[in-house]
Amino acid sequence: MITNKQLSKKLKEFEKIIQKKYAKNSKKERKNKKRNWKTYEEEYMSHVKKAMQELEPLLKEASNIKRTNKLGKKFQLSAKQKVTILLIKHLMRKNNRPMAGMLCLFSLLSGVNIGYKTIERLYSDDEVEMCLHNLHIILLNKKNVKKINSTGDATGYGLTVRKHYATEMQKLKEKGKKNDRRKKKKHFVFSFMLMDLKTKMYVCYGTSFKSEKKAFENAMRMLKKIDIEIESIRLDKYYSCRVYVDKFSNSKVYVIPKSNATIRGSKNWKKLIQEFIDDTMNFLKEYYQRENSESGIARDKKMFGWKVGQKREDRVDKAIFATMIWHNLLLL
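Rules used throughout
Residues numbered from 1 in each chain as written. Predicted model: local features only at pLDDT ≥ 70, side-chain atom pairs only at ≥ 80, totals over all residues. Heavy atoms only, no water. pLDDT = per-residue confidence, 0-100. Helix = DSSP H or I, 4+ residues; strand = E, 2+ residues; numbered from the N terminus. Buried < 20%, exposed > 50% of the residue type's maximum accessible area, 1.4 Å probe, protein only. Polar contact = N/O pair within 3.5 Å; in protein donor to acceptor, adjacent residues only side chain to side chain. Patch = residues over 30% accessible without salt bridge, like charges linked within 9 Å, V, L, I, M, F, W, Y side chains within 5 Å. Areas by Shrake-Rupley, 256 points an atom, 1.4 Å probe, with all protein chains shown as cover. Salt bridge = Lys/Arg side-chain N within 4 Å of Asp/Glu carboxyl O. Lys, Arg positive; Asp, Glu negative; His and termini not counted. Charge placed at Lys NZ, Arg CZ, Asp CG, Glu CD. Phe/Tyr/Trp six-rings, centres within 6.5 Å; stacked < 30°, edge-to-face > 60°. Lys NZ or Arg CZ within 6 Å of the ring centre and 35° of its normal. Pairing = 2+ DSSP bridges. Axes fitted to C-alpha atoms, helices over the stretch in contact; angles between N-to-C directions. Contact = heavy atoms within 4.5 Å. Parallel < 35°, antiparallel > 145°, perpendicular 65-115°, else oblique. Nonpolar A, V, L, I, M, F, W, Y, C, P; charged D, E, K, R; others polar.

Draft legend 1. Region of interest: the confidence of the model for the protein chain. Summary statistics for the protein chain give a mean pLDDT of 83 and a share of 80% for residues scoring 70 or more. Element-level mean pLDDT values for the protein chain span from 54 in helix α9 (residues 181–187) up to 97 in strand β3 (residues 202–208).

Here it is in structure tokens:
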């Protein structure tokens, strides 16, 4: 039988001793596992080549859709061409005008010559959205992602080059975490990604101009639409409360309880507290697999940038979806 006194004592130990001890041991382990950069570069190029080889047949399968509403102006590009242009633009980190110019240069080979406005509209095209969703499901099925041990994390993408998300968040922390919601809405979009630990593939995502909480809720909404079961999940301290733990009542949840936490709550919450008190080090080993989420997001930002070149909410969402697709493609 656990008590609030036991929990309070363990949390004080965790902050003063256990966390530092675990961090010290982890640092030693990372030092022993030195990365061979030559091998890393070779493996990376191998993944890129495989992704490009697989892309054509995957897009063909994903774009096998039929439109029932034939009213309105007929689009000069097929669904497959539209998704291909959007994904290549995203990979090359081109803006709309340079991408349109590049397509114009290669129009003799590709037969595609369109304006920058057409490229802009791809981000709000229904066919593109359906194809991206189909492609995402196909990629998960290829890796047999069905029952997963997962980790989730949120980040922010800039909507302007003048403000960098990580820098601005650090400034807010230094000012005592004062919230300026107007600035966040104008300059940043929140994104939440849920990752399968075995394959390192993203399972679902959510975005929001309002908050990290809303991005998480949108990601969970997407998770309900796909046939994937969560065996365990690891989340940071933002989600360290009974409400979020109860959302995963059929899964094992790993979060670090907040300093003012109590044992009062559901069976799942009490089970989490019990394991945290009784077997703290093994609990932390499971919890800190969250590093996979953090490193995945950092790698994505390095490859595709920390800024989203769109302004409308639906188009920003599709741009981040494209990042998720490329992340999964490179893991085939």
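That shown, we press on.
Draft legend 2. Just the environment of T155, in detail. Looking at where T155 falls in the secondary structure, it is placed in strand β1 (residues 147–158). The buried category is assigned to T155, whose relative accessible area is 9%. Counting along the chain gives 36 residues from T155 to S191, while the straight-line C-alpha distance between them is 5.4 Å. Here the side chain of T155 touches K301 through a polar contact of 2.8 Å, side chain to side chain.

Draft legend 3. Up close: unusual backbone geometry. The phi dihedral of N144 falls on the positive side, at around 55°, and the residue is not glycine. Turning to its location among the elements, N144 is positioned in the loop between α7 (126–142) and β1.

Draft legend 4. Just a positive patch on the surface, in detail. Residues K210, K213, K214, R221, K224, K225 and K247 make up a contiguous surface patch of positive charge. Tracing the backbone shows K225 in helix α10 (residues 212–225).

Draft legend 5. Quick look at the packing of aromatic side chains. In total, this model carries 11 aromatic pairs according to the counting rule given. Note on Y239 and Y244: the rings are 5.1 Å apart at their centroids and 85° apart in plane angle, and the pair reads as edge-to-face. Overall, the relative accessible area of 1% leaves Y239 in the buried class. Classification of Y244 by relative accessible area gives buried; the value is 9%. In this structure, K301 packs its charged tip against the face of Y157, placed 5.0 Å from the ring centre.

Draft legend 6. View of the sheet that holds strand β2 (residues 188–196). Strands sit in the order β3-β2-β1-β4-β5 across an open sheet of 5 strands; the sheet is mixed. Each edge of the open sheet is held by one strand with a lone partner, namely β3 and β5 (252–254). Here the average twist between neighbouring strands, direction ignored, is 25°. Of the pairings in the sheet, the one linking β1 to β2 comprises 9 bridges and is antiparallel in character. For G156, the partnering residue across the bridge sits in β2 and is F190. Taken strand by strand, helix α14 (residues 291–304) contacts β1, β2 and β3, and its axis lies near 45° from that of β1.

Draft legend 7. Molecular detail of the packing of helix α3 (residues 79–92) against α7. Contact geometry for α3 and α7: axes closest at 9 Å, N-to-C directions at 75°. Between α3 and α7, the interaxial angle falls into the category roughly perpendicular. Across from A79, K82, V83, L86 and L87 in α3, the residues of α7 making contact are E127, V128, C131, L132 and L135. Within the contact of α3 with α7, the residues separate by chemical class into 8 nonpolar, no polar and 2 charged.

Draft legend 8. Region of the structure containing the environment of N250. Along the chain, N250 falls in the loop between α11 (242–246) and β5. The sequence separation of N250 and N268 amounts to 18 residues, and the corresponding C-alpha distance is 8.4 Å.

Draft legend 9. Region of interest: the pattern of salt bridges. Going through the model one piece at a time under the given rule, you end up with 15 salt bridges. When the shortest N-O distance is used, the salt bridge between E127 and K82 registers 2.7 Å. Residue E127 is found in helix α7, and its partner K82 is found in helix α3; the two are separated by 45 residues along the sequence. Assessed through its relative accessible area of 11%, E127 is described here as buried. A relative accessible area of 1% means that K82 is categorised as buried. With a shortest N-O distance of 3.9 Å, D236 and R290 are connected by a salt bridge. With D236 in the loop between β4 (229–234) and α11 and R290 in the loop between α13 (280–287) and α14, this pair connects stretches of sequence that are 54 residues apart. The two residues D236 and R290 agree in class, both being buried.

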